[in-house]
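# An overview of the molecular structure
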Amino acid sequence: MPINIKKSVGFSGGISNRRRDRRTATALLLKGDNKPEISPVISDMARSIEPLVVGKVIGDVVDMFNPTTEFTIHYGSKQISNGYEIKPSAAVDKPKAQILGPRNQANLYTLVMVDPDAPSPSEPALREWLHWIVIDIPEGFDATKVVMMNLNIYIGKDLVEYMGPQPPTGIHRYVLALFRQSEGSMAGVPAPEIRSNFSTRQFAAHYGLGPPVAALYFHSQKEPATKRR
């Protein structure tokens, strides 16, 4: 986001905090079950959710959810994983957003990208800053690529045009949350009027999207002028 406001990095952490957050993630997933043995399903779920809890994506942007879909984000040849750091200069163009699984144009998804640390991680007065919304992404397709099947064209539609990371200072999180469109096409949905103070939760609730089916986040910070490319 192109706002020149001074700030300081406001990340809390440390080994003890990360351990506590991991225990919190497992406890939330177990929902009060005190059995000493955790089933493989619960264990896998905890592992996939854990980075989102530790990174405070769950809490700051979305609520606890059960991941049921896989998707990948690539900036060029680099695949993004939770906590990955990418330079703003490497994320100027929209990424490849691929929903994994067999192609099924009947199952549609919405992808939302936000910055919950705007303009400053320590004073996020503009949380969330909206960077991108893509609607009507068919399952098994790339949200940004035109695909023709049986004389029909399939591609996600930009409801809000992509805006690359532009952190004015400090380390920002950039969150991509994927939602299943249970009520069919989102065609006709109006775009948000402004990017600042967007709420992923409220957007999803208003349009009946429910909780996310997948999410990931990466970090980015302002580059020194001499190192930009």
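Heads up: the structure comes first, above all this text.
In this report, the structure presented in the accompanying data block is examined. (Residues numbered from 1 in each chain as written. Predicted model: local features only at pLDDT ≥ 70, side-chain atom pairs only at ≥ 80, totals over all residues. Heavy atoms only, no water.)

### Details of the nonpolar core
What counts, and what does not: Here, the term nonpolar core denotes a set of buried Ala, Val, Leu, Ile, Met, Phe, Trp, Tyr and Cys residues that are joined through side-chain atoms within 4.5 Å. Three labels apply to residues, based on accessible area from a 1.4 Å probe with only protein chains included: buried if under 20% of the type maximum, exposed if over 50%, partly exposed otherwise in between. In DSSP terms, a helix is any run of H or I states spanning at least four residues, a strand is any run of E spanning at least two, and both are numbered starting from the N terminus. The contact rule is simple, with two residues in contact once any of their heavy atoms fall within 4.5 Å.
Leu-52, Val-112, Ile-133 and Phe-203 are the most contacted members of the largest nonpolar core, which totals 26 residues. Of all the secondary structure elements, the ones that give two or more residues to this core are helix H2 (40–54), helix H3 (57–60), strand E5 (104–115), strand E6 (129–139), strand E9 (157–160), strand E10 (171–180), helix H4 (200–206) and strand E11 (214–221). Not counting chain neighbours up to four residues away, the residues in contact with Leu-52 comprise Val-57, Ile-58, Phe-65, Asn-82, Ala-215, Leu-216 and Tyr-217. In terms of nonpolar packing, the next biggest core, distinct from the first, is built from 23 residues, Phe-71, Ile-73, Ile-137 and Tyr-174 among them.

### Observations concerning the sheet that holds strand E2 (residues 78–79)
For the record, the criterion: Two strands qualify as a pair provided that DSSP identifies no fewer than 2 bridges between them.
In space, the 3 strands of this open sheet follow the order E2-E1-E4, with antiparallel pairing throughout. The open sheet is flanked by E2 and strand E4 (96–99), the only strands paired with a single partner. Pairing of strand E1 (residues 71–75) with E2, which is carried by 2 bridges, proceeds in the antiparallel orientation. The partner of His-74 across the bridge, within E2, is Gln-79.

### Quick word on the sheet that holds E11
What the 6 strands build is an open sheet, ordered E3-E11-E10-E5-E6-E9; its pairing is mixed. The open sheet terminates on both sides in strands that have one partner only, identified here as strand E3 (84–85) and E9.

### Topic: the environment of Lys-157
Mapped onto the secondary structure, Lys-157 falls in strand E9. With a relative accessible area of 43%, Lys-157 lands in the partly exposed category. As for Lys-157 and Thr-110, which are separated by 47 residues in sequence, their C-alpha atoms are 9.2 Å apart. For Lys-157, the residues in contact, after removing those within four places along its chain, are Ile-133, Val-134, Ile-135 and Asp-136.

### So, the pairing of E11
A regular strand places its side chains so that they alternate between the two faces of the sheet. With 7 of 8 residues buried, E11 is to be regarded as a mostly interior element. In this structure, E3 lies alongside E11, joined through 2 bridges in parallel fashion. Its bridge partner being in E11, Glu-85 is matched across the sheet by His-219. Two elements, E10 and E11, share 8 bridges in a ladder whose sense is antiparallel. When the bridges of E11 are listed, Leu-176 appears paired with Leu-216.

### Describing unusual backbone geometry
Of the consecutive residues Ala-118 and Pro-119, the connecting peptide bond is found in the cis state with omega at -10 degrees. One non-glycine residue, Lys-56, adopts positive backbone phi at about 60 degrees.

### So, the side chain of Arg-173
Filter applied, for reference: Any pair of N or O atoms that falls within 3.5 Å is considered a polar contact. Within protein, one atom must be able to donate a hydrogen and the other to accept it, and sequence-neighbouring residues count only if both atoms are side-chain atoms.
Checked against the element boundaries, Arg-173 lands in strand E10. Within the structure, the side chain of Arg-173 is placed 2.8 Å from the backbone oxygen of Gly-55, a separation counted as a polar contact. There is a polar contact of 2.9 Å between the side chain of Arg-173 and the side chain of Asp-60.

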